[in-house]
Amino acid sequence: MNENLFASFITPMMFGLPLVTLIVLFPSLLFPTSSRLVNNRLISLQQWMLQLVSKTMMSIPNPKGQTWALMLMSLILFIGSTNLLGLLPHSFTPTTQLSMNLGMAIPLWAGAVITGFRNKTKASLAHFLPQGTPTPLIPMLVIIETISLFIQPVALAVRLTANITAGHLLIHLIGGATLALMSINTTTALITFIILILLTVLEFAVAMIQAYVFTLLVSLYLHDNT
Amino acid sequence: SQDSKMASVVPLKEKKLLEVKLGELPSWILMRDFTPSGIAGAFQRGYYRYYNKYVNVKKGSIAGLSMVLAAYVFLNYCRSYKELKHERLRKYH
């Protein structure tokens, strides 16, 4: 049981071939493209959702920040679909790997910060010191603000990894507990119910993506455009 | 006379699988295009065949997407069968 618990997080390889590449590319199969005005139901649904999300999310930044719309919408689609596919039985979720999430978080965060530094140098540097601090506290506050800036990409990546991994682990554990308790009757019903509720809550992994992109967006907004 | 004879014999390469006779099967398989672009073309054709039959229709149902997800679950099960073998309900493992 102990070894099996973490076995689902091993990078899938088959005969030495990286099967994980195929698994990462699989969600792209589920989002067809079309250049028609009136599409089939799948594409229409996806377009409607995408318009909804992009209108709520991209109305906040100014036109300079809105150039990131394509990138952010691809990001939310990718993370959302990957997390939701990971809820299917026996599947592998690439976003449980910290390496992948760091690979997503660091470039995006660095791009936002560097854009801010290039275009509005004074304002970006001014972020390191909040308004109205008493003079003796200034050196310490600058250090703290610097640390809080550099911890942002790490926080983004670790937040996503930890949430998804913890959710999957809990499902495994509680499912295993239910099976083991099957022979000892009354508690089984209660635990199965807990599993059901937990899975539903976990379906809000989509909310997780919301958190990811939204946090990224807020940080981007602050850095670029004040 | 000679034209009709040539017209009635379809070259082996262009026959579809269900039209190939059993004795011709090995040579048919060997004649398939196994270059990377050939294999990519085969995947593309298969994808569009499924897509146009089940998804790209006027009143597509949930079945089009569900079949893909079911196949995904099944393939993942096959992939992790080796580890899952040990989790069967047995008295002695």
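Residues numbered from 1 in each chain as written. Chains lettered and ligands numbered in written order. Predicted model: local features only at pLDDT ≥ 70, side-chain atom pairs only at ≥ 80, totals over all residues. Heavy atoms only, no water.

- Going by the annotation in an unreviewed UniProt entry, the name recorded for chain A is ATP synthase subunit a, with Ovis aries given as the source organism.
- Among the UniProt annotations of chain A, the heading Sequence similarities (unreviewed entry) holds the following wording: "Belongs to the ATPase A chain family."
- We quote the UniProt Subcellular location (unreviewed entry) comment for chain A here in full: "Mitochondrion inner membrane". (UniProt positions renumbered as here; feature names shortened; annotations may be inferred.)

### Some points on the overall build of chain A
Part 1 of the argument: Each helix and strand in chain A was counted, giving 10 helices and 2 strands.
Part 2 of the argument: If you list the helices and strands of chain A from N to C, you get α-β-β-α-α-α-α-α-α-α-α-α.
Part 3 of the argument: Looking at chain A as a whole, 36% of its 226 residues are labelled buried.
Part 4 of the argument: If you take every contact in chain A between residues at least 6 apart in sequence, the share linking residues at least 24 apart comes to 68%.
Part 5 of the argument: Carbon and sulfur atoms make up 74% of the accessible area of chain A, which amounts to about 13400 Å² in all. (Helix = DSSP H or I, 4+ residues; strand = E, 2+ residues; numbered from the N terminus. Buried < 20%, exposed > 50% of the residue type's maximum accessible area, 1.4 Å probe, protein only. Contact = heavy atoms within 4.5 Å. Areas by Shrake-Rupley, 256 points an atom, 1.4 Å probe, with all protein chains shown as cover.)

### Observations regarding the packing of aromatic side chains
Residues and elements named next belong to chain B.
Part 1 of the argument: A full pass over the atoms with the stated rule returns 6 aromatic pairs over all chains.
Part 2 of the argument: When the centroid spacing of 5.9 Å and the interplanar angle of 5 degrees are considered together, the rings of Tyr47 and Tyr51 count as stacked. Taken together, the positions of Tyr47 and Tyr51, both in helix α3 (residues 36-55) and 4 residues apart, correspond to about one turn of that helix.
Part 3 of the argument: For Tyr47, a relative accessible area of 28% puts it in the partly exposed group.
Part 4 of the argument: Among the residues examined, Tyr51 registers a relative accessible area of 9% and is labelled buried.
Part 5 of the argument: Measuring from ring centre to ring centre gives 6.1 Å for Tyr77 and Tyr81, while their planes differ by 65 degrees; the resulting arrangement is edge-to-face. (Phe/Tyr/Trp six-rings, centres within 6.5 Å; stacked < 30°, edge-to-face > 60°.)

### Points about a positive patch on the surface
Part 1 of the argument: A cluster of basic residues, Lys82, Lys85, Arg88 and Arg90 of chain B, forms a positive patch on the protein surface.
Part 2 of the argument: Within the secondary structure, Arg88 of chain B is located in the segment after α5 (81-84). (Patch = residues over 30% accessible without salt bridge, like charges linked within 9 Å, V, L, I, M, F, W, Y side chains within 5 Å. Salt bridge = Lys/Arg side-chain N within 4 Å of Asp/Glu carboxyl O. Lys, Arg positive; Asp, Glu negative; His and termini not counted. Charge placed at Lys NZ, Arg CZ, Asp CG, Glu CD.)

### Observations regarding the interface of chain B and chain A
Part 1 of the argument: Residue-level contacts link 20 residues of chain B with 19 residues of chain A.
Part 2 of the argument: Together, the buried faces of chain B and chain A total about 1800 Å²; carbon and sulfur atoms form 67% of this surface.
Part 3 of the argument: Across the chain B-chain A interface, the total number found is 0 salt bridges.
Part 4 of the argument: Sorting elements by how many residues they give to the side of chain B that touches chain A places helix α4 (residues 62-79) of chain B first, with 8 residues.
Part 5 of the argument: Counted by class, the side of chain B that touches chain A contains 11 nonpolar, 4 polar and 5 charged residues. (Buried area = accessible area lost by both parts, 1.4 Å probe. Nonpolar A, V, L, I, M, F, W, Y, C, P; charged D, E, K, R; others polar.)

### Focus on the UniProt feature "transmembrane region" (unreviewed entry) in chain A
All names here are of chain A.
Part 1 of the argument: When the UniProt feature table is mapped onto this chain numbering, "transmembrane region" (unreviewed entry) sits at residues 6-31, 67-86, 98-117, 137-158 and 189-222.
Part 2 of the argument: The distance separating the terminal C-alpha atoms of residues 98-117 is 28 Å; by composition the span is 100% helix and 0% strand.
Part 3 of the argument: Helix makes up 95% of residues 137-158 and strand 0%, with an end-to-end C-alpha separation of 30 Å.

### Considering a nonpolar patch on the surface
All names here are of chain A.
Part 1 of the argument: Taken together, the side chains of Leu98, Ile143, Ile147, Ile151, Val154 and Val158 present a nonpolar region at the surface, about 510 Å² in accessible area.
Part 2 of the argument: Take the nonpolar patch: its biggest share by element is 5 residues, from helix α8 (residues 138-181).
Part 3 of the argument: Note that Leu98 resides in helix α6 (residues 98-119).
Part 4 of the argument: Residue classification places Leu98 among the partly exposed residues on the basis of a relative accessible area of 37%.

### Side note on the nonpolar core
All names here are of chain A.
Part 1 of the argument: Of all hydrophobic cores here, the largest spans 23 residues; its most connected members are Leu72, Leu75, Ile79, Met104, Tyr212, Val213 and Leu216.
Part 2 of the argument: Every element with two or more residues in this core is listed here: α3 (41-58), α5 (69-85), α6, α8 and α10 (205-225).
Part 3 of the argument: If we skip the residues at most four places from it in the chain, Leu216 touches Leu72, Leu75, Leu108, Trp109 and Leu156. (Core = buried A, V, L, I, M, F, W, Y, C linked by side-chain atoms within 4.5 Å.)

### Comments concerning the side chain of Ser81 of chain A
Residue and element names in this part refer to chain A.
Part 1 of the argument: Position of Ser81 relative to the elements: it lies in helix α5.
Part 2 of the argument: Given the relative accessible area of 12%, Ser81 is considered buried.
Part 3 of the argument: A distance of 2.8 Å separates a polar side-chain atom of Ser81 from the backbone oxygen of Leu77.
Part 4 of the argument: Ignoring sequence-local partners within four residues, the contact set of Ser81 consists of Pro27 and Phe31. (Polar contact = N/O pair within 3.5 Å; in protein donor to acceptor, adjacent residues only side chain to side chain.)

### Description of the environment of Phe92 of chain A
Part 1 of the argument: By the secondary structure assignment, Phe92 of chain A is in the loop between α5 and α6.
Part 2 of the argument: The class for Phe92 of chain A is buried, based on a relative accessible area of 3%.
Part 3 of the argument: As for Phe92 of chain A and Ile10 of chain A, which are separated by 82 residues in sequence, their C-alpha atoms are 8.6 Å apart.
Part 4 of the argument: Ignoring sequence-local partners within four residues, the contact set of Phe92 of chain A consists of Ser8, Phe9, Ile10, Thr11, Pro12, Val20, Ile23 and Gln97 of chain A together with Tyr72 and Arg79 of chain B.

### What to know about the environment of Leu149 of chain A
Part 1 of the argument: You can see Leu149 of chain A is positioned in helix α8.
Part 2 of the argument: Leu149 of chain A sits 36 residues away from Val113 of chain A along the chain, and the two C-alpha atoms are 9.3 Å apart.

### Regarding unusual backbone geometry
Part 1 of the argument: Although it is not a glycine, His90 of chain A sits at a positive phi angle of roughly 65 degrees.
Part 2 of the argument: Structurally, His90 of chain A is set in the loop between α5 and α6.

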